[in-house]
Amino acid sequence: MFLSLGPDQCIPKKEIIGIFSTSSLESIATDEFIRMAKEEGFVIGTASKKMKSFIVADENVYFSNLTPQTLCKRSLNRERLS
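S.K.: Looking at this structure, how should I read the overall build of the chain?
M.R.: Broken down by element type, the chain carries 2 helices and 6 strands. The linear arrangement of helices and strands in the chain, starting from the amino end, is β-β-β-α-β-β-β-α. For 82 residues, the compact-globule formula gives about 12 Å, and the C-alpha radius of gyration of the chain, at 12 Å, lands near that figure. Over its C-alpha atoms, taken along the principal directions, the chain stretches across nearly 40 × 20 × 20 Å. Put simply, of all contacts in the chain between residues at least 6 apart along the chain, 52% involve residues at least 24 apart. Total accessible area computed for the chain in this model is approximately 5,500 Å², and 55% of it derives from carbon and sulfur atoms. Counting 11 positive and 10 negative side-chain charges, the chain places the centres of these two groups 12 Å from one another.

S.K.: When you look at the pattern of salt bridges in this model, what are you seeing that I'm missing?
M.R.: Under the criterion given, the structure shown has 2 salt bridges. Where Arg35 meets Glu32, a salt bridge forms, and the shortest distance between an N and an O atom there is 2.5 Å. In this pair, Arg35 and Glu32 are both assigned in helix H1 (residues 28–39), 3 residues apart and thus about one turn of the helix distant. Taking relative accessible area as the criterion, Glu32 reaches 34% and is therefore assigned partly exposed. Two residues, Glu39 and Arg35, come together in a salt bridge whose shortest N-O distance is 2.4 Å. With Glu39 and Arg35 both in helix H1, this residue pair falls 4 residues apart, about one helical turn. Taking relative accessible area as the criterion, Glu39 reaches 58% and is therefore assigned exposed. Judged by its relative accessible area of 38%, Arg35 falls in the partly exposed class.

S.K.: I keep staring at the packing of aromatic side chains and nothing clicks. Help me out?
M.R.: By convention here, two paired aromatic rings are described through the distance between centres and the angle between planes. Under the definition given, this model contains 2 aromatic pairs. When the ring of Phe20 is compared with that of Phe54, the centres are 5.3 Å apart and the planes differ by 25°; the resulting orientation is stacked. Residue Phe20 is located in strand S3 (residues 16–21), and its partner Phe54 is located in strand S5 (residues 53–57); the two are separated by 34 residues in the primary sequence. When its relative accessible area of 35% is taken as the criterion, Phe20 is described as partly exposed. Taken together, a centroid distance of 5.9 Å and an interplanar angle of 45° make the contact between Phe54 and Phe63 tilted. Classification of Phe54 by relative accessible area gives buried; the value is 2%. Aromatic rings pair up to connect Phe20, Phe54 and Phe63 into one cluster.

Thresholds, definitions, all that
- Residues numbered from 1 in each chain as written.
- Predicted model: local features only at pLDDT ≥ 70, side-chain atom pairs only at ≥ 80, totals over all residues.
- Heavy atoms only, no water.
- Helix = DSSP H or I, 4+ residues; strand = E, 2+ residues; numbered from the N terminus.
- Rg over C-alpha atoms; globule rule 2.2 N^0.38 Å.
- Contact = heavy atoms within 4.5 Å.
- Areas by Shrake-Rupley, 256 points an atom, 1.4 Å probe, with all protein chains shown as cover.
- Lys, Arg positive; Asp, Glu negative; His and termini not counted.
- Charge placed at Lys NZ, Arg CZ, Asp CG, Glu CD.
- Salt bridge = Lys/Arg side-chain N within 4 Å of Asp/Glu carboxyl O.
- Buried < 20%, exposed > 50% of the residue type's maximum accessible area, 1.4 Å probe, protein only.
- Phe/Tyr/Trp six-rings, centres within 6.5 Å; stacked < 30°, edge-to-face > 60°.

Have a look at this one:
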């Protein structure tokens, strides 16, 4: 099963470690994690004012313009349809 993170971006649900609000980037530890992931080339997309969440997966970090709540609902709705 895949989860759509927004336009033209889907990832396998089994790879998702966590879905977080971009407001958590205010934390020093989270900001440092994202900074290091960017430096090492693991970030897909970039944080901007439109971005509302980021998804930590097995091998990458993805930014999305959807809220964490919307992504979680999408994930659960798809499971019910299967």
